[in-house]
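Spelled out from the first residue to the last, the chains are:
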Amino acid sequence: MSWALVWLIVGIALIIAEVVSGDFVLIMLGVAALFGAGAEVLTGNLVIDVAVFAVASVGMLLLVRPALKRRFLAGPVHHTGIEALIGARAVVLSTVDAEAGQVKLGGDVWSARSMGEHLPPIAPGTQVTVVEISGATAVVSAEP
């Protein structure tokens with residue numbers, strides 16, 4: 001049996017084993033073994049094959065694996081609950097000032113107040129943006 005076939009079998013076995021582990025280590029070693037198989041086909045020298053496998057393994061584990069983990073494991077952030085309301089648009093139902101008011105937010109009526117004391121009241125029918133949720137009160141800002 002040729003060394004290229006051995007490298008190929010080891011590489012494919014490691015890549016398949018990655019399905020079970022999911023840590024991006026075995027796939028890096030499997031791809032490095034495929035590089036070793038390529039080196040065997042090109043050179044026919046086992047020492048060069050092992051050197052190519054070692055360099056490819058270290059390089060992929062130190063450079064490629066961290067990038068893959070960041071890319072695949074981070075995923076998008078999905079805000080839920082109160083966090084999902086921040087940045088949402090609402091419509092003023094009753095005049096909103098620094099102390100009180102009401103807005104329609106996501107189909108529900110919320111008590112609301114504006115961001116600052118020195119801002120003018122926001123008239124009914126105006127679209128506003130939710131800046132913060134403070135208890136059961138939406139802190140809103142008039143849209144520019």
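Just above, that's the structure.
Bear in mind the structure is a predicted one, so any value in this text is a computation, not a measurement.

Describing the sheet that holds strand S1 (residues 89–94)
The five strands lie next to each other as S1-S2-S3-S5-S4, forming a closed barrel whose pairing is mixed. Across this sheet, the average inter-strand angle for adjacent strands is 55°, counted without regard to direction. Pairing analysis gives six bridges linking strand S4 (residues 127–134) to strand S5 (residues 137–142), with the strands arranged antiparallel. Each residue of the ladder has a partner; that of Thr-129, found in S5, is Ser-141.

Some details on the pairing of strand S2 (residues 102–105)
In S2, alternate side chains face the same way, and those of Val-103 and Leu-105 are buried while those of Gln-102 and Lys-104 on the opposite face are not. When S1 meets S2, the two strands line up antiparallel, connected through three bridges. The residue bridging Val-92 from the neighbouring strand is Val-103, located in S2. As paired elements, S2 and strand S3 (residues 108–114) share four bridges and run antiparallel to each other. Bridged to Leu-105 within S3 is Asp-108. Here S2 hands over to S3 after two residues, with Gly-106 in that stretch at a positive phi of 60°.

Observations regarding the environment of Val-10
Mapped onto the elements, Val-10 comes out in helix H1 (residues 3–21). Of the residues examined, Val-10 reaches a relative accessible area of 37% and is grouped as partly exposed. Separated by 15 residues in sequence, Val-10 and Val-25 place their C-alpha atoms 14 Å apart.

Thoughts on a nonpolar patch on the surface
Nonpolar side chains collect at one region of the surface, where Leu-5, Leu-8, Ile-9, Ile-12, Ile-16 and Leu-34 lie side by side and expose about 490 Å² of accessible area between them. Per-element tally for the nonpolar patch: the top contributor is H1, with five residues. Within the fold, Leu-8 resides in helix H1.

Rules behind the numbers
- Here, residues in each chain are numbered from 1, in the same order as that chain's written sequence.
- Local features are withheld for residues below a pLDDT of 70 in this predicted model, meaning they are given only at 70 or higher, and side-chain atom pairs are given and counted only at 80 or more; totals for whole chains, interfaces and linings count all residues.
- Side-chain numbers here rest on the full set of heavy atoms in the structure, without hydrogens or water.
- Here, any two strands with at least 2 DSSP bridges between them count as paired.
- Segments assigned H or I by DSSP are reported as helices when at least four residues long, segments assigned E as strands when at least two residues long, and all are numbered from the N terminus.
- To obtain an axis, a line is fitted to C-alpha atoms, over the contacting stretch when the element is a helix, and the angle between two such axes runs from 0 to 180 degrees between their N-to-C directions.
- Buried means the residue's accessible area, taken with a 1.4 Å probe over protein chains only, is under 20% of the maximum for its type, while exposed means over 50%, and partly exposed covers the values in between.
- Patch membership requires more than 30% relative accessible area and the absence of a salt bridge. Residues of like charge join within 9 Å; the nonpolar side chains Val, Leu, Ile, Met, Phe, Trp and Tyr join within 5 Å.
- In these tables, accessible area is a Shrake-Rupley quantity obtained with a 1.4 Å probe, and a residue counts as shielded only by the protein chains included in the view.
- We define a salt bridge as a side-chain nitrogen of Lys or Arg found within 4 Å of a carboxyl oxygen belonging to Asp or Glu.

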